[in-house]
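Notes for the structure review
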Amino acid sequence: MAEILSFRTVFQYDIRKSGITIPIRLEWNGRQTEFKAKVDSGSSACIVARNYGEDLGLMIEKGHPQRFETVTGGFQTYGHEVTLSAGGLDLTTIVYFAADPGITRNVLGRQGWLDRLRIGLVDYEGKLYLSHFNDAS
């Protein structure tokens, strides 16, 4: 039997580029910052560059400390609760800001993003479909 799902928004991404990159907005305490981030199902959390947290006025090191390990080494981050928005979908979630200003890659990982959404992917068309996980399907 076929399953039918509906989605609230769709992102068109460039299949010629590495990864799936979408525009993101973060909000905290009345301040906003916008940037692009990669969808990364291999990342355990949402991790972004330090400067975006500073744009929001966050005291980065006052957040929840969390070290992440990769195949090439580890790095320190600090988690802060913010509103993360993509395509009209707003999520209050923990985003981890890199302690090292040299870490500039932004990823949307499983905890705090993928675990809160219903996603559909048609990579050969470069389309990423998104809805809140509890939206009517």
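Everything in this summary refers to the structure shown in the same document. Quick caveat, the model's predicted, so the values are computed rather than measured.

Quick look at the overall build of the protein chain now. Helix and strand counts for the protein chain stand at 1 helix and 10 strands. Relative to the compact-globule value of 14 Å for 137 residues, the protein chain shows a C-alpha radius of gyration of 15 Å, a close match. Overall, the protein chain is about 50 × 35 × 25 Å in size when its C-alpha atoms are taken along their principal axes. Counting over 137 residues, the protein chain shows a buried share of 42%. Partitioning the intrachain contacts of the protein chain with sequence separation of at least 6 by distance along the chain shows that 57% fall at a separation of at least 24. When the accessible area of the protein chain is evaluated, it comes to approximately 8,000 Å², of which 48% is carbon and sulfur surface. Taken as two groups, the 15 positive and 16 negative side-chain charges of the protein chain have centres that lie 2 Å from each other.

Considering the arrangement of structural elements, one finds Thr21 in strand S2 (residues 21-28). Given the relative accessible area of 30%, Thr21 is considered partly exposed. Taking the C-alpha atoms as reference points, Thr21 and Ala37, separated by 16 residues in sequence, lie 5.4 Å from one another. What Thr21 contacts, discounting residues up to four positions off in sequence, is Tyr13, Lys36, Ala37 and Lys38. Of note is the side chain of Thr21, whose polar atom sits 2.9 Å from the side chain of Lys38.

Examined against the element boundaries, Gly109 turns out to sit in the loop between strand S8 (107-108) and strand S9 (117-122). Judged by relative accessible area, Gly109 falls into the buried class, the value being 0%. In this structure the C-alpha to C-alpha distance between Gly109 and Asp40, which are 69 residues apart in sequence, comes to 5.2 Å. Discounting chain neighbours no more than four positions away, the residues touching Gly109 are Asp40, Ser43, Ala45, Cys46 and Leu114.

Let's shift gears to the pairing of S2. Here 8 bridges tie S2 to strand S3 (residues 31-39), and the two strands are oriented antiparallel to one another. Within the sheet, the bridge partner assigned to Pro23 lies in S3 and is Lys36. The hairpin formed by S2 and S3 contains 2 residues between the paired strands, and Asn29 there has a positive phi angle of roughly 50 degrees. Sheet analysis places S2 next to strand S6 (residues 73-86), joined by 3 bridges and oriented antiparallel. Each residue of the ladder has a partner; that of Leu26, found in S6, is Leu84.

Moving on, we get to the nonpolar core. Counting residues in each nonpolar core, the largest one holds 30 residues, and the members touching the most others are Ile22, Ile24, Leu26 and Trp113. Every element with two or more residues in this core is listed here: S2, S3, S6, strand S7 (89-98) and strand S10 (127-132). Apart from the residues lying within four places of it in its own chain, the contact partners of Ile22 are Phe11, Phe35, Lys36, Ala37, Val39, Ala86, Leu108, Trp113 and Leu128. By size, the runner-up hydrophobic cluster in this structure holds 6 residues, among which are Ala45, Ile47, Tyr96 and Val107.

Our focus in this paragraph is the pattern of salt bridges. On inspection of all chains with the given rule, the structure shows 9 salt bridges. Through salt bridges with shared partners, a single ionic network connects Arg25, Glu27 and Asp90.

Scoring rules and cut-offs
- Residues numbered from 1 in each chain as written.
- Predicted model: local features only at pLDDT ≥ 70, side-chain atom pairs only at ≥ 80, totals over all residues.
- Heavy atoms only, no water.
- Helix = DSSP H or I, 4+ residues; strand = E, 2+ residues; numbered from the N terminus.
- Rg over C-alpha atoms; globule rule 2.2 N^0.38 Å.
- Buried < 20%, exposed > 50% of the residue type's maximum accessible area, 1.4 Å probe, protein only.
- Contact = heavy atoms within 4.5 Å.
- Areas by Shrake-Rupley, 256 points an atom, 1.4 Å probe, with all protein chains shown as cover.
- Lys, Arg positive; Asp, Glu negative; His and termini not counted.
- Charge placed at Lys NZ, Arg CZ, Asp CG, Glu CD.
- Polar contact = N/O pair within 3.5 Å; in protein donor to acceptor, adjacent residues only side chain to side chain.
- Pairing = 2+ DSSP bridges.
- Core = buried A, V, L, I, M, F, W, Y, C linked by side-chain atoms within 4.5 Å.
- Salt bridge = Lys/Arg side-chain N within 4 Å of Asp/Glu carboxyl O.

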